[in-house]
Each structure stands twice: as structure tokens, then as C-alpha cells.
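# Analysis of the macromolecular model
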Amino acid sequence: MKTSVRFTWNQLRIFEAVARLSSHTRAAAELHVVQPTISAQIKQLSTAVGMPLFEQIGKKIFLTPAGNELQASCAELFDAWSRFEMKAADLKGVKTGTLRVTIVTTAKYFIPRLLGPFCRLYPGVDVALEVVNRDQAIERLAANRDDLYIMGVPPDTLPTERHPFLENPLVVIAPHDHPLAGCRRIELRRLAEEAFIAREPGSGTRIAAEKFLASHRIKPRNRMQLGNNEAVKWTVAAGLGVAVISRHALMLEPMHDRLAILDVQGFPIRRSWYVVYPAGKRLSVVAQTFFDYLKREAFTIQEELAAPPLRRAQKKPR
Ligand code: PGA
């Protein structure tokens, strides 16, 4: 294939960094080159393309329409190149490269325990793991920043591939001395009388809990909303309310004496964890290897879920 535009790989790397960081200075620092080199290479690339790639408004630089197109093409080119590098390594029988995974906060209770043995199996693989809330995970997914995403509620707003690989049950927790602790088959509508400690809007746990309760015409009375499971558990243990939480967040639980799982009708809410990636994305060799590993090894975590995570409260008559 002949291309009429003459450019070098180095110019594309420089352009990609400037476009991503919106700054010549930051791109120079990231690439360990001086700023005049950045400006000269961007100028040459614009001349080769025949159109300006950036425009300056005040002190800020913005991509022009041609710059936007080039940024999208760079992402595809770099993706294809890293796939080739990994394929080449694979042909040599070595799995090397970087695995970029973004997980939502609740997945931090089990993904590191799967990553540990994976990394021991493939010592040539470096892992870049981001733990963020669901809204941020979706932003990263939309921008194709990582290889794989782990979440409980994949977005409906983006075309994605999604594969369930592990159960993600949600239970109701209360302080261990709550009047309902130890009661059998508590009626769901009884929850309407309780104050709830909710996760932040956008959290998969919150979306699934509210959807389930709404389908039974129950609107939870939220006393407080908190951005992570640890804060939720401590607040429940302090007697400020009850909460719906993933069973995974109760594994390795140091608060066994302070929390009880309530036996509420309809609970646990049965759901799954999904591996998600943009529709049409071609996974790198390393990403595909980890994906296959997850599907194969998730049963070890599944077995832990079968064990009761908290000591059972004393049975009480209803
Ligand atoms: P999250 O958990 O509440 O941390 O987003 C994900 C989920 O269980 O869906």
C-alpha cells in the first residue's frame, strides 16, 4: 500500500502524546525530549498531512477536525502494533506485554486474588490495574483506554462484548444486634421501615438493589450515601442503618462480630460479574490469555462464595 502522506512513527508518538495531554510541555516531559523537538515534529507532521492538526485558543491547544481523525487512526495503529508485538512474542512461545484492566470498586475483593496466580504463571506480563467507580470505568471503556473491564452492570449506552464469569450475589446487612438479625424469612416490605446506607449513584450495587426493590414497589429510605463498601460496612456496624452489599465485600471480613446478614425474602439478589470490552475490539494475546484464565479459574472464588461469610446470628422467632 502506498501512502501519499510521509510521516515517521516517532512523529505519530509525539502527536498522540500532545493530543492526549493537550500540552507540548507535558508531552515533552512524558517522552523525555525537549519542547522544540515536539513543536518541530508536530509542524512537520501537519505539513505532511497538509492541514493544521492543532489550533491555539488563548493558552490552550485544541485538536482540529483533521487532528481528531489522526488521533483516532493513531489509536488503531498503536493497538494493531501492540497486538503484532504480542503475537510475535506468542509465536516465540513467550507471553509478554502489558495487561490493562479496569475494575469497579467491588471487584477489588477478588480480582487481585486471580491476578496473583496469573502473574506467577506468566512472569513476562506486566499488569496495569485501575480500581475506579463505575462511572469512571464506563468513561475509560468509551475511550478504549484498557484491554478489559470488570463490572457487574455493563452500560447500555455503548456497544460492548460482555461475558458473565462469576456470581455476584447481593445480600442485606445490618448491625449484629439489629432486631431482625437471626429472624427467618423476613418479609421484603419490612425493609421499607429501615434506614438505608446506600452506595454512590452510578454504583452497580446500588443500581441492582434499587431495580430489585422497585420491582417489588419498595422505595428504600436512604439515610446516607457513601462512595465505597468499607465505609458502608462501618456505618452499618455503627447502627446507622442497613445496606445492600455484594457478598464479595464480606469475604476476608474483619468485622465478623459487628455485622449480620439478614434473611430477607428474595435475597440474595442473583447477578453476575462480567468481563466487558468495546464491541469489535481485537484483544491482545495477553488480554485474551487473561480472559480465558478468568473463565477457567473463577470457580475458585465461586467456591469461597458458598461458605457463610459472617457468623450466623442466633435464631429468633419472627
Ligand atoms: P459497584 O459494584 O457497586 O462497586 O459498582 C459492581 C456491581 O456489583 O455491580
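Scroll up to find the structure.
In this report, we go over the structure that sits alongside the text.

Cut-offs used in this document
- Residues numbered from 1 in each chain as written.
- Predicted model: local features only at pLDDT ≥ 70, side-chain atom pairs only at ≥ 80, totals over all residues.
- Heavy atoms only, no water.
- Helix = DSSP H or I, 4+ residues; strand = E, 2+ residues; numbered from the N terminus.
- Rg over C-alpha atoms; globule rule 2.2 N^0.38 Å.
- Buried < 20%, exposed > 50% of the residue type's maximum accessible area, 1.4 Å probe, protein only.
- Contact = heavy atoms within 4.5 Å.
- Areas by Shrake-Rupley, 256 points an atom, 1.4 Å probe, with all protein chains shown as cover.
- Lys, Arg positive; Asp, Glu negative; His and termini not counted.
- Charge placed at Lys NZ, Arg CZ, Asp CG, Glu CD.
- Pairing = 2+ DSSP bridges.
- Axes fitted to C-alpha atoms, helices over the stretch in contact; angles between N-to-C directions.
- Salt bridge = Lys/Arg side-chain N within 4 Å of Asp/Glu carboxyl O.
- Patch = residues over 30% accessible without salt bridge, like charges linked within 9 Å, V, L, I, M, F, W, Y side chains within 5 Å.

### Side note on the overall build of the protein chain
Scanning the protein chain for helices and strands turns up ten helices and twelve strands. In summary, the protein chain has a C-alpha radius of gyration of 25 Å against a globular reference of 20 Å for 318 residues, an excess of more than 25%. By residue count, 46% of the 318 residues in the protein chain fall in the buried class. Sequence-distant contacts in the protein chain: of pairs separated by 6 or more residues, those separated by 24 or more amount to 77%. Only carbon and sulfur atoms are counted for the fraction: they give 53% of the accessible area of the protein chain, which is about 17,200 Å². Across the protein chain, the centroid of the 45 positively charged side chains sits 2 Å from that of the 31 negatively charged ones.

### What about the sheet that holds strand E6 (residues 160-167)?
If you trace the five strands from one edge of the open sheet to the other, you get E4-E3-E5-E12-E6, paired in mixed fashion. The open sheet has two free edges, formed respectively by strand E4 (125-132) and E6, since each of these has just one partner strand. With direction set aside, neighbouring strand axes in the sheet form an average angle of 25°. Of the pairings in the sheet, the one linking strand E3 (residues 97-104) to E4 comprises eight bridges and is parallel in character. Bridge pairing in E4 links Gly97 to Val125.

### Section: the pattern of salt bridges
The tally for this structure, following the rule as stated, stands at 15 salt bridges. Close ionic contact of Arg83 with Asp79 constitutes a salt bridge, the shortest N to O distance being 4.0 Å. A residue pair is termed a helical-turn pair when its members lie 3 or 4 positions apart in one helix, as Arg83 and Asp79 do in helix H4 (residues 65-91) at four residues. A residue is classified by how much of its surface remains accessible, and Arg83, at 14% relative accessible area, is buried. Note that Arg206 is salt-bridged to Glu210, the shortest N-O span being 3.0 Å. Taken together, the residues Arg206 and Glu210, both in helix H7 (residues 204-215) and four residues apart, mark about one turn of the helix. On the basis of relative accessible area, Arg206 is assigned to the buried category, the value being 16%. Given the relative accessible area of 32%, Glu210 is considered partly exposed. Salt bridges here are not isolated pairs; linked through shared partners, they connect Glu16, Arg20 and Glu30.

### Examining a nonpolar patch on the surface
Taken together, Trp9, Leu77, Trp81 and Phe84 make up a surface patch of nonpolar side chains, about 410 Å² in accessible area. For the nonpolar patch, the element with the most residues is H4, which contributes three residues. Mapping Trp81 onto the fold places it in helix H4. Looking at Trp81, the relative accessible area reads 42%, which means it is partly exposed.

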